Amino acid sequence: MDMTEREPEPEVTQELFSDEVALRRVRHFVAQLAEQGETRGLIGPLELPRIWSRHILNSALLAPLVRPGRVGDVGTGAGLPGLVLAIARPDAEFVLIEPMARRVEWLEEQVSELGLDNVTVVRGRAEDTLEFRALDQVTARAVSALRTLIPLTARLVRPGGELLLLKGAAVETEIEAARKVIAKWKLENIRVEQLGLDIDVEPTRVFRADVR
C-alpha cells in the first residue's frame, strides 16, 4: 500500500501517549491497521488518510475518564476505542466484546503483538455475555443510536458504574429519543462532554451516565 496515503502522526499524539512504551505500542497498532485494516474488513478504503485523527486520537481522548477497574468495550471492531484505551491506561483491565470471528482474530493478534496483559477478548454479543456483568465502566463507539445502545451496555455495568459512549454531533437528539430507555435502565447524572477542546485535535463527544 502506498505509504504516501497514510496520515502523518499528529504532534499531539505524544501528549496523549506520553509514556514511551505506550507510544511505541500505539505506533505499531496504527502501522498494522494501515497495512491490514482494509483487506481484513476493519476500516473502509477512505479511512487510511485519517486513521490517527478520526480513530486513534478520537479514542485516546477518552482515556482520562477511565477509572482503574474493569472496563468493557461493546462492539469493539478493530479495537476502537478498547485497544487504544488499553494502551493508554495499563492500570485498567479491558474486556473487548466483538461478535465477528475475523475481528476477534485480529484483536487477539494485536493483544499478543503489543504485549498487552490488561486485555481480555470475548467473541459474542453484549446481550449474550452476561458473565461479564458488574463491569465498572462500559464504552462503545459507532455501534448504534442510544435507544438501542443503552440496553446493550447498561446491563453489563455494576450499580454505581458508568457508561462512556462515544457519539457524534447528533447526540442531544439521540438523548431525547432515548428518554424512555434512559428511565427504564435507571441512568442518572446524564451529561455530554466534549473532550480535546484544549488541544489541537477534533473534539470527541462522550455520553456519560451513572448506572443506579
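In the block above lies the structure referred to throughout.
Residues numbered from 1 in each chain as written. Predicted model: local features only at pLDDT ≥ 70, side-chain atom pairs only at ≥ 80, totals over all residues. Heavy atoms only, no water.

Trainee: Explanation requested: the nonpolar core in the structure shown.
Mentor: Within soluble globular proteins, side chains that are nonpolar tend to cluster in buried spots. By size, the foremost hydrophobic cluster in this structure holds 46 residues, and its most contacted members are Phe17, Phe29, Ile56 and Phe94. It is helix H2 (residues 20-36) that provides the largest number of residues to this core, a total of 7 residues. When neighbours within four sequence positions are excluded, isoleucine 56 is seen to be in contact with Phe17, Val26, Phe29, Val30, Ile51, Leu80 and Val84. (Core = buried A, V, L, I, M, F, W, Y, C linked by side-chain atoms within 4.5 Å. Buried < 20%, exposed > 50% of the residue type's maximum accessible area, 1.4 Å probe, protein only. Helix = DSSP H or I, 4+ residues; strand = E, 2+ residues; numbered from the N terminus. Contact = heavy atoms within 4.5 Å.)

Trainee: I would appreciate a short explanation of the packing of aromatic side chains in the present structure.
Mentor: The way to describe two aromatic rings as a pair is by their centre distance and the angle between their planes. Under the criterion given, the structure shown has 1 aromatic pair. Geometrically, the ring pair formed by phenylalanine 29 and tryptophan 106 is tilted, given 6.2 Å between the ring centres and 45 degrees between the ring planes. Here phenylalanine 29 is found in helix H2, whereas its partner tryptophan 106 is found in helix H5 (residues 101-114), with 77 residues between them in sequence. Accessibility assignment for this pair places phenylalanine 29 and tryptophan 106 in one class, buried. (Phe/Tyr/Trp six-rings, centres within 6.5 Å; stacked < 30°, edge-to-face > 60°.)

Trainee: Looking at this structure, I do not really get the pairing of strand S5 (residues 157-167). What am I missing?
Mentor: Each regular strand carries side chains that alternate between the two faces of the sheet. The element S5 is extensively covered by neighbouring structure, given that 8 of its 11 residues are classed as buried. Bridge count between strand S4 (residues 135-141) and S5: 6 bridges; the pairing is parallel. Note that in S5 the partner of glutamine 137 across the bridge is glutamate 162. Taken together, S4, helix H6 (residues 146-154) and S5 constitute a β-α-β crossover, and its handedness is right-handed. Pairing of S5 with strand S7 (residues 204-211) involves 6 bridges; the strand directions are antiparallel. Directly across from leucine 165, in S7, lies its bridge partner phenylalanine 207. (Pairing = 2+ DSSP bridges. Right-handed = clockwise from strand over helix to strand, strands pointing away.)

Trainee: Looking at this model, I keep getting lost on the sheet that holds S7. Mind explaining?
Mentor: Strand pairing in a sheet relies on backbone hydrogen bonds, with the paired strands running either antiparallel or parallel. Strand order in the open sheet formed by 7 strands is S3-S2-S1-S4-S5-S7-S6, with mixed pairing between adjacent strands. Whereas interior strands pair on both sides, the edge strands pair on one side only; in this sheet they are strand S3 (119-123) and strand S6 (187-195). Each strand axis lies, on average, 20 degrees off the axis of its neighbour in the sheet, ignoring direction. Looking at chain direction, strand S1 (residues 70-74) and strand S2 (residues 93-98) are connected through 5 bridges and run parallel. Along S2, the bridge assignment pairs arginine 70 with glutamate 93. Relative to S4, helix H3 (residues 51-60) is tilted by about 160 degrees, and along the sheet it contacts S4, S5 and S7. The sheet strands contacting H5 are S2 and S3, and the helix crosses S3 at an angle near 165 degrees. (Axes fitted to C-alpha atoms, helices over the stretch in contact; angles between N-to-C directions.)

Trainee: What exactly am I supposed to notice about the environment of glycine 168 here?
Mentor: Residue placement: glycine 168 occurs in the loop between S5 and helix H7 (171-177). Among the residues examined, glycine 168 registers a relative accessible area of 38% and is labelled partly exposed. Through-space distance from the C-alpha of glycine 168 to that of phenylalanine 207 is 9.7 Å; in sequence the pair is 39 residues apart.

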